[in-house]
Amino acid sequence: MAYLELKNVCKTYGDESGNTEVLSNINLTIEEGEFVAIVGFTGSGKTTLVNLINGLIKPTSGEVLFKGIPVVDTSHERGVIFQNYSLLPWLTVGQNVYMAVKEAFPKEQKSVLQKRVADYVEMVSLTPAINKRPKELSGGMRQRVAVARALAMNPEMIIMDEPLGALDALTRGNLQDEILNIWSKDKRTALLITNDVDEGIYMADRIIPLKPGPNATLGPEFKIDIERPRDKTALNDNPKYKETRNAIIEYLMDIGEERKSVSDETYVLPEISPKSFVA
């Protein structure tokens, strides 16, 4: 049985005036302990896919299964690291993480929860900032708080929705390593949504492209046959890395051109004149 499975999932938005099918016929299987990356263009429906997996929204048709059970709501079993941090600005670093662990472990004693908070804040190297509020932190530090908060809830699956996209290159690289170090300790199932092919190759076991929307669907998978732990510098000289990277980029360029040729239309603007108003 697959750990996470999406069967013929479609998601449509709209009202009486018209509907748009954002995702179409999504089929995905992730095994326990796998690290899978989905790479797609901006606006292809990646966040909609994350929200379906996390139970924030329901598919229009098809079903999402987690450990064989239909996903109908959010759950602490699936921890999400969002792109926009989603921290409460009036709470400190420790309080933001504490609120999450208190929700996940309501029967635990306060001292046990506080120890858990301290351990995960230390894990992301933020102990000196544990009493600071989000406005006092850099973007990278805020994202580390979001990582600590998600992992402190002890989820069985980690879902990352472009969590590093807004960061500078150095901070992004450091957080990639931190997430991989944390993941490697117990190999929790992980799904990374990204628009960075290099990030996907560095972190994941498989990369699956998401075709441009509307009617976005998943493309063929690319297995990353590179031993772990991976060295970013050494990857540049690795023939498997070069071959895989070129194949993925070539595929993305092809479907991008295909979508462009389909969507290119000539629009004729109506002949209108501005109204004249007499004072």
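Higher on the page you've got the structure.
What this report covers is the structure whose coordinates are included nearby. What you see is a predicted model; the values in this text were computed from it and never measured.

Within the chain one finds eight helices and 10 strands. Considering only C-alpha atoms, the chain reaches an extent of 70 × 65 × 40 Å along its principal axes. Counting the 279 residues in the chain, one finds 45% classified as buried. Counted over contacts in the chain with a minimum sequence separation of 6, partners at least 24 positions apart contribute 69%. For the chain, the computed accessible surface area is about 15200 Å², with 51% contributed by carbon and sulfur atoms. A distance of 7 Å separates the average location of the 33 positive side-chain charges in the chain from that of its 39 negative side-chain charges.

Applying the stated criterion across every chain yields a total of three aromatic pairs. An angle of 70 degrees between the planes, with centres 5.2 Å apart, marks the rings of Tyr 3 and Phe 66 as edge-to-face. With Tyr 3 in the segment before β1 (4-15) and Phe 66 in strand β4 (residues 61-66), the pair connects residues that are 63 residues apart, well separated along the chain. Side by side, Tyr 3 and Phe 66 carry an identical accessibility label, which is buried. Here the basic side chain of Lys 11 rests over the ring of Tyr 13, its NZ or CZ set 5.3 Å away from the ring centre.

With that settled, consider the packing of helix α2 (residues 93-104) against helix α4 (residues 139-152). Where α2 meets α4, the axes come as close as 8 Å, and the angle between the chain directions of the two elements is 25 degrees. Considered as vectors, α2 and α4 are oriented roughly parallel to each other. Relative to α4, the crossing made by α2 is right-handed. Facing Val 93, Asn 96, Val 97, Ala 100 and Val 101 of α2, the residues of α4 in contact are Val 145, Ala 148, Arg 149 and Ala 152. Each residue belonging to the contact of α2 with α4 can be placed in one class, and the counts come to seven nonpolar, one polar and one charged.

Moving on to the nonpolar core. Counting 51 residues, the largest nonpolar core has Phe 35, Val 97, Met 160 and Ile 201 as its most contacted members. The biggest single contributor to this core is α4, with seven residues. Each residue touching Ile 201, except ones within four places of it in the same chain, is listed here: Ile 207, Ile 224, Ile 226, Arg 230, Tyr 241, Thr 244, Arg 245 and Ile 248. Listed in part, the 27 residues of the second largest apolar core include Leu 4, Val 9, Val 64 and Ala 216.

The next thing to look at is the sheet that holds strand β6 (residues 78-81). Overall, mixed pairing links the six strands, which are arranged β6-β7-β8-β3-β9-β10 in an open sheet. The strands lining the two open edges of the sheet, one partner per strand, are β6 and β10 (222-223). The sheet contact formed by strand β7 (residues 157-161) and strand β8 (residues 189-194) spans five bridges and is parallel. Of the residues in β8, the one forming a bridge with Asp 161 is Ile 193.

What the rule picks out here adds up to 12 salt bridges. For the salt bridge of Glu 77 with Lys 67, the shortest nitrogen-to-oxygen distance reads 3.1 Å. Placement of the pair is Glu 77 in the loop between β5 (69-70) and β6 and Lys 67 in the loop between β4 and β5, with a sequence separation of 10 residues. A salt bridge links Arg 172 to Asp 196; the nearest nitrogen and oxygen atoms lie 3.7 Å apart. Within this pair, whereas Arg 172 is found in helix α5 (residues 169-186), its partner Asp 196 is found in the loop between β8 and α6 (197-203), the two being separated by 24 residues in sequence. Classification of Arg 172 by relative accessible area gives buried; the value is 13%. Given the relative accessible area of 23%, Asp 196 is considered partly exposed. One salt-bridge network, held together by shared partners, links Glu 34, Arg 206 and Glu 221.

We now examine a negative patch on the surface. Together, Glu 250, Asp 254, Glu 257 and Glu 258 make up a region of like negative charge exposed at the surface. Its location among the elements puts Asp 254 in helix α8 (residues 239-263).

Attention now moves to α2. Relative to the 16 Å expected for 12 residues at 1.5 Å per residue, α2 spans 17 Å between its end C-alpha atoms, a close match to the ideal helical length. Every buried residue of α2 is listed here: Val 93, Gly 94, Asn 96, Val 97, Tyr 98, Ala 100, Val 101 and Ala 104. Against α3 (110-123) and α4 lie the buried residues of α2.

Right, let's get into the pairing of β4. Alignment of β4 against β5, held across two bridges, turns out to be antiparallel. Each residue of the ladder has a partner; that of Leu 65, found in β5, is Pro 70. Linking β4 back to β5 in an antiparallel pair, the connection comprises two residues, with Lys 67 at a positive phi of about 55 degrees.

Each value, and the rule that gives it
Residues numbered from 1 in each chain as written. Predicted model: local features only at pLDDT ≥ 70, side-chain atom pairs only at ≥ 80, totals over all residues. Heavy atoms only, no water. Helix = DSSP H or I, 4+ residues; strand = E, 2+ residues; numbered from the N terminus. Buried < 20%, exposed > 50% of the residue type's maximum accessible area, 1.4 Å probe, protein only. Contact = heavy atoms within 4.5 Å. Areas by Shrake-Rupley, 256 points an atom, 1.4 Å probe, with all protein chains shown as cover. Lys, Arg positive; Asp, Glu negative; His and termini not counted. Charge placed at Lys NZ, Arg CZ, Asp CG, Glu CD. Phe/Tyr/Trp six-rings, centres within 6.5 Å; stacked < 30°, edge-to-face > 60°. Lys NZ or Arg CZ within 6 Å of the ring centre and 35° of its normal. Axes fitted to C-alpha atoms, helices over the stretch in contact; angles between N-to-C directions. Parallel < 35°, antiparallel > 145°, perpendicular 65-115°, else oblique. Left-handed = near helix turned anticlockwise from the far one by under 90°. Nonpolar A, V, L, I, M, F, W, Y, C, P; charged D, E, K, R; others polar. Core = buried A, V, L, I, M, F, W, Y, C linked by side-chain atoms within 4.5 Å. Pairing = 2+ DSSP bridges. Salt bridge = Lys/Arg side-chain N within 4 Å of Asp/Glu carboxyl O. Patch = residues over 30% accessible without salt bridge, like charges linked within 9 Å, V, L, I, M, F, W, Y side chains within 5 Å. Expected span 1.5 Å × (residues − 1).

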